Amino acid sequence: MMIFRLNRKKKDKRLKDSILSPWRFALYFAITGFAVSVSFLLFFSGNLFDAPDTPVFIPEGTVKERALRTLFNILFICLFMSAIDGIRKRIFNHRPVMRIIDALGKITKGDFSVRIKPLHKKRAFNEYDIIIEDINKMAKELSSIETLKTDFISNVSHEIKTPLAVIQSYAEILQSPDLSAEERLEYTASLKHASERLNGLITGILKLSKLENQQISYSLKSYNLSEQLCQALLLFENDWEKKELEISTDIEDDILIEADEELLLTVWSNLISNAVKFTEKGGSISVSLKKERSFAIVKISDTGCGMTRETGLHIFEKFYQGDTSHTTEGNGLGLALVKRVIDITKSEITVESELGKGSTFTVKIRLKQ
């Protein structure tokens, strides 16, 4: 769609040039002049110009005869030109219009694989070629959206089935009267974990859906980013203490930004949560915040498992999980949420990672003016 908007001015100019091109006016006047000239020549045919200096008397009968003959000739020329114009319209107008109608009919029925072959080469595009080009782009975009929708539904179904199967299985086991108290507590804890995972999945899907459909109001507020980062880090204190992780911070004081505080907390929470999750016991995590010109630069690094280049290209996609060993701890929506918030706040995010050595996420946010 963006490409379509960027090229619209250029296409409008080509369309205007195509419709108002001078040669069409020249052709129209040439045909009109030809018809009038032929009519006069037919009317004055014969020996009327044999003696140009001598007054010519044209009998009334001859005038009537030649007038009728000229009328019939004009009618014949008009019919002939109309037939040619009809053939021209059939070739140059009717066929492309029927192609477009046929393609649009298939698109409305859900067939987004339709592509219309252009009538001319790129340099000789006319208005029909421009319409065809836009329809092909529209069909391509719709096809992409349909694929994403299908994948999304498939992934959601798969992700929901897993915790539901766990809940159903343990619920059936808990109905057994022979279970000991310790077993009941163990199965109950598993049920609680599965239900929390399901709740997190549904919450993430709803939040991502609202962000993508712009149903969450984006409220600008001036606040202290330095304090927010420290608070976000403390939210996971129990987690990094259990894994005996070394936490290092290099956060400049009182860096103010103007953004939606709640949305950006989602970014820091997800990035720090991932750093803790993917770092093995005894590893380290570092969080830094510095000013660079008119931007605040946040870096969250870990010494975890890292990722391959291929994984790095897909980590912001919904439900994508490059490290399958940690799939039970997440649902693949965290970084998709992060990317959407970054886009909404007009910030930037990059990732540097090396397999087996860790990852560094860098977020660039504009400072309060």
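Residues numbered from 1 in each chain as written. Predicted model: local features only at pLDDT ≥ 70, side-chain atom pairs only at ≥ 80, totals over all residues. Heavy atoms only, no water.

Caption draft 1: Representation of the pattern of salt bridges in the model. The full count for this structure, using the stated rule, is six salt bridges. Here Lys-221 makes a salt bridge to Glu-261, at a shortest N to O gap of 3.1 Å. Residue Lys-221 is located in strand S1 (residues 221–224), and its partner Glu-261 is located in helix H9 (residues 261–278); the two are separated by 40 residues in the primary sequence. (Salt bridge = Lys/Arg side-chain N within 4 Å of Asp/Glu carboxyl O. Helix = DSSP H or I, 4+ residues; strand = E, 2+ residues; numbered from the N terminus.)

Caption draft 2: Spatial organisation of a negative patch on the surface. Judged by side-chain charge, Glu-227, Glu-252, Asp-253 and Asp-254 come together as a negatively charged surface patch. Looking at the element boundaries, Glu-227 is found in helix H7 (residues 225–234). Its relative accessible area of 48% is what places Glu-227 among the partly exposed residues. (Patch = residues over 30% accessible without salt bridge, like charges linked within 9 Å, V, L, I, M, F, W, Y side chains within 5 Å. Areas by Shrake-Rupley, 256 points an atom, 1.4 Å probe, with all protein chains shown as cover. Lys, Arg positive; Asp, Glu negative; His and termini not counted. Charge placed at Lys NZ, Arg CZ, Asp CG, Glu CD. Buried < 20%, exposed > 50% of the residue type's maximum accessible area, 1.4 Å probe, protein only.)

Caption draft 3: Focus on the packing of H9 against helix H11 (residues 334–344). One way to put it is that H9 packs onto H11 with a least axis distance of 9 Å and a crossing angle of 145 degrees. The two elements H9 and H11 meet at a crossing, and its hand is left-handed. Here H9 contributes Leu-263, Leu-264, Thr-266, Val-267, Asn-270, Leu-271 and Asn-274 to the contact with H11, which in turn contributes Gly-334, Leu-335, Val-338, Val-341 and Ile-342. Its residues assigned to classes, the contact of H9 with H11 shows eight nonpolar, four polar and no charged. (Axes fitted to C-alpha atoms, helices over the stretch in contact; angles between N-to-C directions. Left-handed = near helix turned anticlockwise from the far one by under 90°. Contact = heavy atoms within 4.5 Å. Nonpolar A, V, L, I, M, F, W, Y, C, P; charged D, E, K, R; others polar.)

Caption draft 4: Up close: a nonpolar patch on the surface. The grouping of Leu-68, Leu-71, Phe-72 and Leu-75 at the surface amounts to a nonpolar patch, some 400 Å² of accessible area in total. You can see Leu-71 is positioned in helix H4 (residues 60–108). A relative accessible area of 44% means that Leu-71 is categorised as partly exposed.

Caption draft 5: Here's a closer look at H7. Taken together, the buried positions of H7 are Leu-225, Ser-226, Gln-228, Leu-229, Ala-232 and Leu-233. Looking down the long axis of H7, one finds its buried residues gathered within 165 degrees of arc, a one-sided arrangement. One side-chain oxygen at the N-terminal end of H7 lies 2.9 Å from the backbone nitrogen of Ser-226; it belongs to Asn-224. (Arc of directions from axis to C-beta. Polar contact = N/O pair within 3.5 Å; in protein donor to acceptor, adjacent residues only side chain to side chain.)

Caption draft 6: Here's a closer look at the packing of aromatic side chains. Applying the stated criterion across every chain yields a total of one aromatic pair. Seen in terms of ring centroids, Tyr-170 and Tyr-187 are 5.3 Å apart; in terms of plane orientation they differ by 35 degrees. Their pairing is tilted. Of this pair, Tyr-170 sits in helix H5 (residues 127–174) while Tyr-187 sits in helix H6 (residues 181–212), and the two are 17 residues apart along the sequence. Classification of Tyr-170 as partly exposed rests on a relative accessible area of 24%. Between the NZ or CZ atom of Lys-364 and the centre of the ring of Phe-295, over which it lies, the distance is 4.5 Å. (Phe/Tyr/Trp six-rings, centres within 6.5 Å; stacked < 30°, edge-to-face > 60°. Lys NZ or Arg CZ within 6 Å of the ring centre and 35° of its normal.)

Caption draft 7: Quick look at H9. Here H9 is 18 residues long and its end C-alpha atoms lie 26 Å apart, about the 26 Å a rise of 1.5 Å per residue gives. Most of H9 sits inside the fold, with 13 of its 18 residues counted as buried. With a side-chain oxygen positioned 3.2 Å from the backbone nitrogen of Glu-262, the residue opening H9 is Asp-260. (Expected span 1.5 Å × (residues − 1).)

Caption draft 8: Spotlight on the sheet that holds strand S2 (residues 246–251). Pairing is mixed across the open sheet formed by five strands, whose spatial order is S2-S4-S5-S7-S6. The open sheet has two edge strands with one neighbour each: S2 and strand S6 (348–354). In this sheet, adjacent strand axes meet at a mean angle of 10 degrees when their direction is disregarded. Sheet topology note: the S2/strand S4 (residues 284–292) ladder contains six bridges and is parallel. Pairing of Asp-250 across the sheet is with Ser-288, part of S4. Sheet contacts for H9: S4, strand S5 (295–302) and strand S7 (358–366); angle to S5, the most-contacted strand, approximately 25 degrees. (Pairing = 2+ DSSP bridges.)

Caption draft 9: Examining the side chain of Asn-224 more closely. Secondary-structure assignment places Asn-224 in strand S1. The exposure class assigned to Asn-224 is buried, which follows from its relative accessible area of 14%. Within the structure, the side chain of Asn-224 is placed 2.9 Å from the backbone nitrogen of Ser-226, a separation counted as a polar contact. Setting aside chain neighbours within four positions, we find Asn-224 in contact with Asp-254, Ile-255 and Leu-256.

Caption draft 10: The arrangement of the nonpolar core in detail. With 37 residues, the main nonpolar core has Leu-225, Ile-257, Leu-264, Trp-268 and Leu-271 as its most contacted residues. Breaking this core down by element, the ones donating at least two residues are H7, strand S3 (256–259), H9, S4, S5, H11 and S7. It is H9 that contributes the most residues to this core, eight residues altogether. Once you skip the residues sitting within four places of it in the chain, Ile-257 turns out to touch Lys-221, Ser-222, Tyr-223, Leu-225, Leu-264, Ala-296, Ile-365, Arg-366, Leu-367 and Lys-368. In this structure, Ile-100, Ala-103, Tyr-128 and Ile-135 belong to the second largest nonpolar core, which totals ten residues. (Core = buried A, V, L, I, M, F, W, Y, C linked by side-chain atoms within 4.5 Å.)

Caption draft 11: Spotlight on a positive patch on the surface. A surface patch of positive charge is lined by Arg-90, Arg-95, Arg-99 and Lys-117. Within the secondary structure layout, Arg-95 lies in helix H4.

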